[in-house]
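Architecture at a glance
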Amino acid sequence: DHTRLRRLTNQWFTPQAVERWIRVMRRSVETVLEEVGKGDGTLEVAGDLALRCTFETICHIFGIEATEMLQIQEKTHEIGLCLGPGGDDEDARTARDAFTWFDGHIRAILALKRERPGEGMIDALVAAHAEGKLSEDELIQTVFLFFAVGHLDVKHLITQGVWLMARQPELWD
């Protein structure tokens with residue numbers, strides 16, 4: 001199943017696709033830095049730079065508007081609470097509620113894409129579903145997976161990289 005599903009998304013991970021993502025990410029970073037320059041000169045790296053830029057990039061890849069960023073981050077975090085050691089019943093309930101929210105959110109995106117198809121990854125997955133190449137559950141779970149790892153993991157990598165360079169300036173050079 002993994003191989004079959006991965007084949008449906010491979011076109012979004014070619015070197016040419018990554019080059020397009022780089023341009024999207026670069027524009028996003030430049031916008032953030034311009035805003036910092038117009039403000040008080042401070043930047044909250046995790047939220048204002050890493051989260052925003054990676055979220056905008058994954059939404060571009062998806063072919064959707066970059067909306068509900070903070071709620072998606074919060075719900076993804078809530079799901080993660082039950083994955084680590086020490087999770088309790090309350091964490092499990094919170095995660096279940098977050099999964100329910102994601103299910104509804106993704107279904108709404110899919111309904112919109114079915115009404116108004118575009119050129120993004122979600123559009124390609126919706127078309128593959130219509131051709132019988134993946135089930136509705138697989139479609140929802142694949143979009144969820146990319147929401148979960150498509151921006152938060154990269155956000156953490158960027159944040160840790162900036163933190164490390166701030167503590168070890170020789171790395172910046």
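Throughout what follows, the structure given in this document is the object of discussion. (Residues numbered from 1 in each chain as written. Predicted model: local features only at pLDDT ≥ 70, side-chain atom pairs only at ≥ 80, totals over all residues. Heavy atoms only, no water.)

**Here's the deal with the packing of helix α4 (residues 69-81) against helix α5 (residues 89-115)**
For the pair α4 and α5, interaxial distance at closest approach is 7 Å and the crossing angle is 140°. In terms of orientation, α4 lies oblique with respect to α5. As α4 packs across α5, the resulting crossing turns out to be left-handed. For the pair α4 and α5, contact is made by Gln71, Ile72, Lys75, Thr76, Glu78, Ile79 and Leu81 and by Asp91, Thr94, Ala95, Ala98, Phe99, Trp101, Phe102 and His105, respectively. Residue classes in the contact of α4 with α5 are distributed as eight nonpolar, four polar and three charged. (Axes fitted to C-alpha atoms, helices over the stretch in contact; angles between N-to-C directions. Helix = DSSP H or I, 4+ residues; strand = E, 2+ residues; numbered from the N terminus. Parallel < 35°, antiparallel > 145°, perpendicular 65-115°, else oblique. Left-handed = near helix turned anticlockwise from the far one by under 90°. Contact = heavy atoms within 4.5 Å. Nonpolar A, V, L, I, M, F, W, Y, C, P; charged D, E, K, R; others polar.)

**With respect to the layout of surface pockets**
Empty space within the largest pocket amounts to approximately 590 Å³. The set of elements that each furnish at least two residues to the lining of the largest pocket consists of α1 (2-9), α2 (15-38), α3 (45-62) and α7 (136-167). For the lining of the largest pocket, the leading source of residues is α7, giving eight residues. Residue composition of the lining of the largest pocket, by class: 13 nonpolar, eight polar and two charged. (1 Å grid on protein atoms, 1.4 Å probe; cavity = no way out; pocket = protein on both sides within 12 Å on 5 of 7 lines; lining within 4 Å. Points joined across faces, edges and corners; volume = space filled by probe spheres on them.)

**Some remarks on the pattern of salt bridges**
The full count for this structure, using the stated rule, is eleven salt bridges. Ionic pairing is found between Lys75 and Glu78, a salt bridge with its closest N-O pair at 3.6 Å. With a gap of three residues between them, Lys75 and Glu78 both fall in helix α4, about one helical turn apart. When sorted by exposure, Lys75 lands in the same class as Glu78, which is buried. For Asp123, the salt bridge is made with Lys113, and the minimal N-O distance between the two is 3.0 Å. Remark: Lys113 occurs in helix α5 and Asp123 occurs in helix α6 (residues 121-130); sequence separation between them is ten residues. (Salt bridge = Lys/Arg side-chain N within 4 Å of Asp/Glu carboxyl O. Buried < 20%, exposed > 50% of the residue type's maximum accessible area, 1.4 Å probe, protein only.)

**So, the packing of α3 against α7**
Contact pair α3 / α7: the axes reach a minimum separation of 9 Å and the direction vectors enclose 145°. Regarding α3 and α7, the two cross each other, and that crossing is right-handed. Two secondary-structure elements touch here, α3 through Val45, Ala46, Ala50, Leu51, Thr54, Phe55, Ile58 and Phe62 and α7 through Val143, Phe146, Phe147, Gly150, His151, Leu152, Val154, Lys155, Ile158, Thr159 and Val162. Class assignment for the residues of the contact of α3 with α7 results in 14 nonpolar, four polar and one charged.

**Focus on the environment of Lys113**
By relative accessible area, which is 9% here, Lys113 ends up buried. Once you skip the residues sitting within four places of it in the chain, Lys113 turns out to touch Phe62, Gly63, Ile64, Gly118, Ile122, Asp123 and Val126. From its side chain, Lys113 meets the backbone oxygen of Gly63 in a polar contact 2.5 Å long. (Polar contact = N/O pair within 3.5 Å; in protein donor to acceptor, adjacent residues only side chain to side chain.)

**Things to note about α2**
Structurally, the α-helix is built with 3.6 residues per turn, so residues lying three or four positions apart point the same way. The end-to-end C-alpha distance of α2 is 35 Å, a good match for the 34 Å that 24 residues give at a rise of 1.5 Å each. Buried residues of α2: Ala17, Trp21, Val24, Met25, Ser28, Val32 and Val36, and no others. Those residues of α2 that are buried are in contact with α3. (Expected span 1.5 Å × (residues − 1).)

**Thoughts on the environment of Phe102**
Note that Phe102 resides in helix α5. Relative accessible area serves as the criterion here: at 1%, Phe102 is assigned to the buried category. Residues Phe102 and Lys75 lie 27 residues apart in sequence; the distance between their C-alpha atoms is 7.6 Å. Setting aside anything within four residues of it in sequence, one finds Phe102 in contact with Ile72, Lys75, Thr76, Ile79, Phe144 and Phe147.

**Description of unusual backbone geometry**
Residue Glu68 is not a glycine yet carries a positive backbone phi of 60°. Structurally, Glu68 is set in the loop between α3 and α4. A relative accessible area of 38% places Glu68 in the partly exposed class.

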